Amino acid sequence: MSDMRAWSMDRLAAVNLLADLGQEPTPDNLAKATRHFADHRHHAIGWAAERVHGAIIDRLEASAASSDFRHDSAERGDGFRLAQQQVMTVRPRDLLQLAPDQQRSRGQILRGLVRRARGR
């Protein structure tokens, strides 16, 4: 399947579902089931990212309300406000970064592995 949103786990789940239902894994059935699982996974992960993002914002707001920055250093207060601003401006979906915009070639993957190995 050429859909970048579909992962091999989506295809595997689709194959298992079709087998459990006694359905023939025709290319069309397999593609539909794989798309369904991919959409479901993206929805579930997006929902989780929104919940985590909301929890982080709630925690920062509670911390700001309970903290008295007047008695702390100005640098700490500035750093807290900057962190709060960064969290508030990022979209939950941007936190996911599940797939690269385009597939990397084998050469790009190998070069990345070599760079990582050299860095150790």
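These remarks concern the structure in this document.

**A look at a nonpolar patch on the surface**
- Together, Ile109, Leu110 and Leu113 line one region of the surface with nonpolar side chains, adding up to about 260 Å² of accessible area.
- Relative to the helices and strands, Leu110 resides in helix 5 (residues 106-119).

**Quick word on the pattern of salt bridges**
- Inspection of the entire model under this criterion finds three salt bridges.
- A salt bridge links Asp10 to Arg41; its shortest N-O distance comes to 2.6 Å. Taken as a pair, Asp10 in helix 1 (residues 8-21) and Arg41 in helix 2 (residues 27-66) lie far apart in primary sequence, 31 residues in all.
- Its salt-bridge partner being Asp78, residue Arg81 comes within 2.9 Å of it at the nearest N-O pair. Of this pair, Arg81 and Asp78 both sit in helix 3 (residues 74-89), three residues apart, which is roughly one turn of the helix.
- With relative accessibility at 45%, the residue Arg81 sits in the partly exposed group.

Thresholds applied
Residues numbered from 1 in each chain as written. Predicted model: local features only at pLDDT ≥ 70, side-chain atom pairs only at ≥ 80, totals over all residues. Heavy atoms only, no water. Patch = residues over 30% accessible without salt bridge, like charges linked within 9 Å, V, L, I, M, F, W, Y side chains within 5 Å. Areas by Shrake-Rupley, 256 points an atom, 1.4 Å probe, with all protein chains shown as cover. Salt bridge = Lys/Arg side-chain N within 4 Å of Asp/Glu carboxyl O. Helix = DSSP H or I, 4+ residues; strand = E, 2+ residues; numbered from the N terminus. Buried < 20%, exposed > 50% of the residue type's maximum accessible area, 1.4 Å probe, protein only.

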